[in-house]
Amino acid sequence: MKNEALEQIKQQFGDRATDSPFECRLYSRDMAPVPALLVNPLFNTLPDLIVRPSDADEAAGILKLAFANHIPVTPRAGASTVYFNSVPVRGGIVMDLNLLKGVVGLDESGMTVTVKAGTTCRELDEYLNPLGFAMKSFPSSAPVASIGGWFCMMGYGIGSLKYGSLLSQVQAVEVVLPTGEVRRLTRDTEPPLAWFAASEGTLGIITQLELEIRKLSPMKHFLIAFPDAGKMGRALEAILHAPVIPYNVHFADDRCALAMHSLGFSPADEAPAHTLGIDYEGSKEELKQAQDMVAALVGADPATHLSSAETAEREWAEKFNALRLKRGGPSVLGSEIWLPVKALSGYLSDIRKMAGRYGLDLISYGHVVTPDRVTVMTMFYTDETRTIAYILDLSLVKKIHDVGRRHGGCPYGVGLWNTPYLGRMFTPSHLNELRQRKQMLDGRGIMNPGKVYRSPVILNPFNFTAGMEVLAAVRRVAGRSGRR
Ligand SMILES: Cc1cc2nc3c(=O)[nH]c(=O)nc-3n(C[C@H](O)[C@H](O)[C@H](O)COP(=O)(O)OP(=O)(O)OC[C@H]3O[C@@H](n4cnc5c(N)ncnc54)[C@H](O)[C@@H]3O)c2cc1C
């Protein structure tokens, strides 16, 4: 029956469906390199079929057949996630949502736009900007990240500090439930749209979203350098408590600045230091107030340095290019931590100690996404082609998470690879609530199975911790002796 259903979809979708092993293989990975040695014995990441619906009715037809035949369905849009979020782990259908593109309607008086879920954030802003509007916030992967994909992840990024998460901006979604039923959900429906935010494709397919927009307004950018993480942390708190709320604040530690320098990237005309990039948008008065506040902050401490307006603007222009750092590779590994702002300087100081213990260079940067939370990426260079050394390095990803945890942080996003940390991300009652939602909407477990709700045996926290601790101990000795 399963094969018949897959064949039926394949016939129906013609050149928008494929089971060619070559094409299917392209869908069996995401942005993070994980050795086949670790993946293949445990998971079936090769889809049986890729299909590209172009509207909600087509997506519904696919889900009806999948539901009736217990076939796993993994939604995939920009695939810019790194925890196998959009990679199948039990084969089945990968639903490629990149044909769900375009703006459905703009409501200028209500300041909302209705957009198909596969539209990238950049594409939406390219539509809005010439009309004098803009997305309230966007991820730093906006050129490839779809709006539906961002909503199904945690939905914080550039602009969230001022305007809140994507969830707080979305007024309605059109969703295809696992049974194939198409629903329009708002905050007041049963289920409410909030259930689908950060659901990582495990509850249904979002096909359309209605979201709030803002008027495009002038911006002002500042880049301040600090001699140490402590001073940077204190200045950050002052900036966040000032009367004018920044649109965005991003930070980079001195290791990040050094790496950028060595690769010849901006801000190359500045000495490597801990930096805060602060971006304001709003009225002339607000921008003037912000400028005065920044001038007072820098004036109060001669050890800080304010870059020229030109350098600060260049830094803003590079906001989508964090992955340039990868060029120092061959590969990078890292962890993204959802960390209390107050803990940032302590976290950075412990990360420095960890780097010393393992004889490696750890680079940290990130965005302040709420007045209390910063998303911190801490990464290091490695080489995925040296399999054993690479597997040892993977244990350091957990060690970074452990430093984050000591400072009140947890991973940002779950997918498959962060399931060992579920206990750090959710309280038992919250996790229970999430599992009940899953049971209620997807009792057959066809939507993106193997993700988010529980870890597979090999990744259960006990096995995972024991395995990673052993690898980390070996890695520590190897790192010290330089034999890697
Ligand atoms: C350089 C870089 C910068 C990044 N910056 C940020 C950032 O600032 N903020 C942030 O939150 N993340 C960030 N990310 C992570 C990622 O880019 C975002 O989460 C992005 O929004 C995911 O969108 P996508 O279209 O690539 O989704 P995918 O990776 O394709 O999918 C993400 C998840 O959502 C599901 N899914 C996708 N579309 C749908 C849909 N329409 N219906 C149901 N389920 C769906 C998938 O099954 C998967 O579980 C960054 C990644 C990179 C590489």
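Draft legend 1. Seen up close, the layout of surface pockets. One number sums up the size of the second largest pocket: a volume of about 530 Å³. Taken together, 24 residues form the lining of the second largest pocket, with Met 154, Ala 197, Ala 198, Phe 426 and His 430 sitting closest to its centre. Only strand E18 (410-411) and helix H16 (428-441) provide two or more residues apiece to the lining of the second largest pocket. With 3 residues, the single largest contributor to the lining of the second largest pocket is H16. Taken together, the residues of the lining of the second largest pocket break down into 18 nonpolar, 4 polar and 2 charged.

Draft legend 2. Here's a closer look at the domain arrangement of the protein chain. Annotation of the protein chain at the domain level lists domain 1 (2-96), domain 2 (103-215), domain 3 (217-320) and domain 4 (329-484). Every contact between the two is made by 13 residues of domain 1 and, on the other side, 16 residues of domain 2. The junction of domain 1 with domain 2 conceals about 1200 Å² of combined surface from both sides, 72% of it contributed by carbon and sulfur atoms. On the surface where domain 1 and domain 2 come into contact, there are 0 salt bridges.

Draft legend 3. Inspection of the pattern of salt bridges at higher detail. Applying the stated rule across the entire model yields 22 salt bridges. As a salt-bridge pair, Arg 16 and Glu 58 come within 2.7 Å of each other at their nearest N and O atoms. In this pair, Arg 16 is assigned in the loop between helix H1 (2-13) and strand E1 (17-18) and Glu 58 in helix H4 (residues 56-68), connecting sequence segments 42 residues apart. With a relative accessible area of 24%, Arg 16 lands in the partly exposed category. Taking the shortest distance from any N to any O, the salt bridge between Glu 469 and Lys 399 comes out at 2.9 Å. With Glu 469 in helix H17 (residues 461-481) and Lys 399 in helix H14 (residues 387-406), the pair connects residues that are 70 residues apart, well separated along the chain. For Glu 469, a relative accessible area of 30% translates into the label partly exposed. Classification of Lys 399 as buried rests on a relative accessible area of 17%. Among the ionic contacts, a cluster of salt bridges with common partners joins Lys 398, Lys 399, Asp 402, Arg 424 and Glu 469.

Draft legend 4. Quick peek at the site of the ligand. Surrounding the ligand, one finds 31 residues, the nearest of these being Pro 75, Ser 80, Thr 81, Ser 141 and Tyr 156. Interatomic distance of 2.6 Å between a side-chain N/O atom of Ser 141 and an oxygen atom of the ligand. A distance of 3.5 Å is found between an oxygen atom of the ligand and a side-chain nitrogen or oxygen belonging to Asn 448. Protein burial of the ligand: of its 970 Å² of free accessible surface, 92% is covered by the chains. Elements supplying a minimum of two residues to the shell around the ligand: strand E3 (73-76), helix H6 (147-152) and strand E10 (205-215).

Draft legend 5. Spatial organisation of the packing of aromatic side chains. Overall, the coordinates contain 9 aromatic pairs when judged by the stated rule. Relative to Tyr 247, the ring of Tyr 163 lies with its centre 6.1 Å away and its plane at 65°, an arrangement referred to as edge-to-face. With Tyr 163 in helix H7 (residues 160-163) and Tyr 247 in the loop between helix H9 (229-241) and strand E12 (248-252), this pair connects stretches of sequence that are 84 residues apart. You can call Tyr 163 partly exposed: its relative accessible area is 22%. Residue classification places Tyr 247 among the buried residues on the basis of a relative accessible area of 1%. Taking 5.6 Å as the distance between ring centres and 90° as the angle between the ring planes, the aromatic pair formed by Tyr 421 and Phe 464 counts as edge-to-face. Of this pair, Tyr 421 sits in the loop between E18 and helix H15 (422-425) while Phe 464 sits in helix H17, placing them 43 residues apart in sequence. Each member of the pair, Tyr 421 together with Phe 464, is buried. Through a chain of ring-to-ring contacts, the aromatic side chains of Phe 43, Phe 84 and Trp 417 assemble into a single cluster.

Draft legend 6. Main features of helix H13 (residues 344-358). With 15 residues, H13 extends 21 Å between its outermost C-alpha atoms, agreeing within 8% with the 21 Å of an ideal straight helix rising 1.5 Å per residue. Three or more residues of H13 are buried, namely Leu 344, Tyr 347, Leu 348, Asp 350, Ile 351, Met 354, Ala 355 and Tyr 358. Angular distribution of buried residues about the axis of H13 spans 165°; they occupy a single face of the element. Residues of H13 that are exposed and point more than 90 degrees away from the buried face comprise Lys 353 and Gly 356. Directly after H13, the chain includes Gly 359, whose backbone phi takes a positive value near 60°.

What counts and how
Residues numbered from 1 in each chain as written. Predicted model: local features only at pLDDT ≥ 70, side-chain atom pairs only at ≥ 80, totals over all residues. Heavy atoms only, no water. 1 Å grid on protein atoms, 1.4 Å probe; cavity = no way out; pocket = protein on both sides within 12 Å on 5 of 7 lines; lining within 4 Å. Points joined across faces, edges and corners; volume = space filled by probe spheres on them. Helix = DSSP H or I, 4+ residues; strand = E, 2+ residues; numbered from the N terminus. Nonpolar A, V, L, I, M, F, W, Y, C, P; charged D, E, K, R; others polar. Domains from an automatic or database assignment. Contact = heavy atoms within 4.5 Å. Buried area = accessible area lost by both parts, 1.4 Å probe. Salt bridge = Lys/Arg side-chain N within 4 Å of Asp/Glu carboxyl O. Buried < 20%, exposed > 50% of the residue type's maximum accessible area, 1.4 Å probe, protein only. Near = heavy atom within 4 Å. Polar contact = N/O pair within 3.5 Å; in protein donor to acceptor, adjacent residues only side chain to side chain. Areas by Shrake-Rupley, 256 points an atom, 1.4 Å probe, with all protein chains shown as cover. Phe/Tyr/Trp six-rings, centres within 6.5 Å; stacked < 30°, edge-to-face > 60°. Expected span 1.5 Å × (residues − 1). Arc of directions from axis to C-beta.

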